[in-house]
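The lines below spell out each chain.
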Amino acid sequence: MLRKIGFERTSELVSALMEKGEVFAPVANSAGVNFQKIQEPGDVTLDFYNTLQSPKSVFFPQTDDMVRYRLTHEGTEAEEVPLDFEPRIVLGVRPCDVRSFEVMDRLFSGGGIVDPYWENRRKSTTIIGYAFDKVDPADFYSTFGIGAADPTGSDIFMVKGESAFLLKGITEKGEEVLGSIDLIEDASAKDKEYFEERLAGASLLETRTLATEGTAEKLEAVFENPYWVGAAAPCLNCGVCTFVCPTCHCFDIQDETLFGKGVRRRIWDSCMFTDFTLHTSGHNPRTKKSQRLRQRINHKFSYYVTNFDVISCVGCGRCIRSCPVHIDIVAVVEGAMALP
Ligand code: SF4
Ligand code: SF4
């Protein structure tokens, strides 16, 4: 059932959602727009293209405390940090980012070993997807069959109408949330027509595309090609491309101890950092930036395909928009695919 709420009532909608659980939504600051946990409903902006960082941190925060401990003369006292699985709602997720959750599910909860942090947060979260209104030149999500107004994977899907947000429950969980908020009105026949037109017409908002057939085999074949030296030449190894990426998931587990008290936490890591593969022995199998860029591309377009049967990229364009030296992952993959 389609419902609607006027733009001027956005804060009221956020307040109503906050009564159901923690709300994560886009907030603008001087750096751009990013998802964050909402304290003030008025902070939310739904007037944005896409966030600087992806919403993966809702399920996979940049730092996650796992164990706290005390070192005493008698030994170590340790306790697991209770897992935080309160109901959550994430509002305003673009369709390519919704797809990224499914790509990450294959790693964190689909491959036999289940990550309880990811899995339980996923289960306790309601996703409100949000249709794109335009296309950014960096985007290439059409490559992966993702539409600008694609409700796949959302619990509720939202389209910006002329004077109101139109909201449709896609799953039972989403329908239940919408049905329990009194201030959301039923949509009119005209609204329904507009909503359907937007969903059907989203194919007009096609992004550029990347030919991905056979990437796993081709990338394996050109592994030793000197192409990677040139492709990586401008790279600064800043790691931004991996931190903003919705499907990059590498992490490290580190201990921080001070005056006998410590915490063991999981933190994001990046294959673009020099010490990512540094062994305790001092040996580092990836000392060159060409090896690191090649790893990033191979992980997404070859190894992940082999292991999980899907490319670990959704074409959100963030790594391209954020790279300080304008390295374009589409051009890098196309260049590798064109090698003899
Ligand atoms: S953002 Fe650009 S410069 Fe930084 S590590 Fe990634 S490819 Fe290299
Ligand atoms: S590799 Fe780049 S385009 Fe692909 S999902 Fe990650 S940030 Fe988006």
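Residues numbered from 1 in each chain as written. Chains lettered and ligands numbered in written order. Predicted model: local features only at pLDDT ≥ 70, side-chain atom pairs only at ≥ 80, totals over all residues. Heavy atoms only, no water.

**Examining the packing of aromatic side chains**
So, point 1. Taken as a whole and assessed by the stated rule, the structure comprises 16 aromatic pairs.
So, point 2. Between F60 and W268, the ring centres sit 6.1 Å apart and the planes meet at 40°, which makes this aromatic pair tilted. Remark: W268 occurs in strand β12 (residues 261-268) and F60 occurs in the loop between β3 (32-37) and β4 (63-72); sequence separation between them is 208 residues. In this pair, the class of F60 matches that of W268, namely buried.
So, point 3. Taken together, the ring pairs connect F59, F60, F101, F108, W118, F243, F251, W268 and F273 into an aromatic cluster.
So, point 4. Its end group placed over the ring of W268, K56 keeps NZ or CZ at 4.6 Å from the ring centre. (Phe/Tyr/Trp six-rings, centres within 6.5 Å; stacked < 30°, edge-to-face > 60°. Helix = DSSP H or I, 4+ residues; strand = E, 2+ residues; numbered from the N terminus. Buried < 20%, exposed > 50% of the residue type's maximum accessible area, 1.4 Å probe, protein only. Lys NZ or Arg CZ within 6 Å of the ring centre and 35° of its normal.)

**Considerations on the environment of L2**
So, point 1. Checked against the element boundaries, L2 lands in strand β1 (residues 2-6).
So, point 2. On the basis of relative accessibility, which here comes to 7%, the residue L2 falls in the buried class.
So, point 3. Each C-alpha atom of the pair L2 and G145 lies 25 Å from the other, and the pair is 143 residues apart in sequence.

**A closer look at the pairing of strand β11 (residues 251-258)**
So, point 1. Strand direction decides the pairing type here: β11 and β12, joined by 8 bridges, are antiparallel. Each bridged residue has a counterpart across the sheet, and for Q254 the counterpart in β12 is R265.
So, point 2. Turn length for the β11-β12 hairpin, with the two strands adjacent in sequence and antiparallel, is 2 residues, and the turn residue F259 shows positive phi of about 50°. (Pairing = 2+ DSSP bridges.)

**Quick word on the site of ligand 2**
So, point 1. Contacts to ligand 2 come from 13 residues, most closely from C245, C313, C316, G317 and C319.
So, point 2. Looking at the shell around ligand 2, its residues break down into 8 nonpolar, 3 polar and 2 charged. (Near = heavy atom within 4 Å. Nonpolar A, V, L, I, M, F, W, Y, C, P; charged D, E, K, R; others polar.)

**Remarks on the domain arrangement of the chain**
So, point 1. Along its sequence, the chain is carved into domain 1 (2-59 + 84-204) and domain 2 (215-254 + 268-337).
So, point 2. The C-alpha-based centres of domain 1 and domain 2 are spaced at 28 Å.
So, point 3. Each side of the interface is counted separately: domain 1 has 25 residues, and domain 2 has 26 residues.
So, point 4. Across the interface of domain 1 and domain 2, roughly 2,100 Å² is buried in total on both sides, 64% from carbon and sulfur atoms.
So, point 5. Of all residues in domain 1, K56, R106 and F140 bury the most surface against domain 2, accounting for 28% of the area lost on that side.
So, point 6. Inspection of the region where domain 1 meets domain 2 yields 3 salt bridges.
So, point 7. A salt bridge links D139 to R321; the nearest nitrogen and oxygen atoms lie 2.8 Å apart.
So, point 8. Counting every contact that joins domain 1 to domain 2 gives 13 residue pairs in polar contact (both at pLDDT 80 or more). (Domains from an automatic or database assignment. Contact = heavy atoms within 4.5 Å. Buried area = accessible area lost by both parts, 1.4 Å probe. Salt bridge = Lys/Arg side-chain N within 4 Å of Asp/Glu carboxyl O. Polar contact = N/O pair within 3.5 Å; in protein donor to acceptor, adjacent residues only side chain to side chain.)

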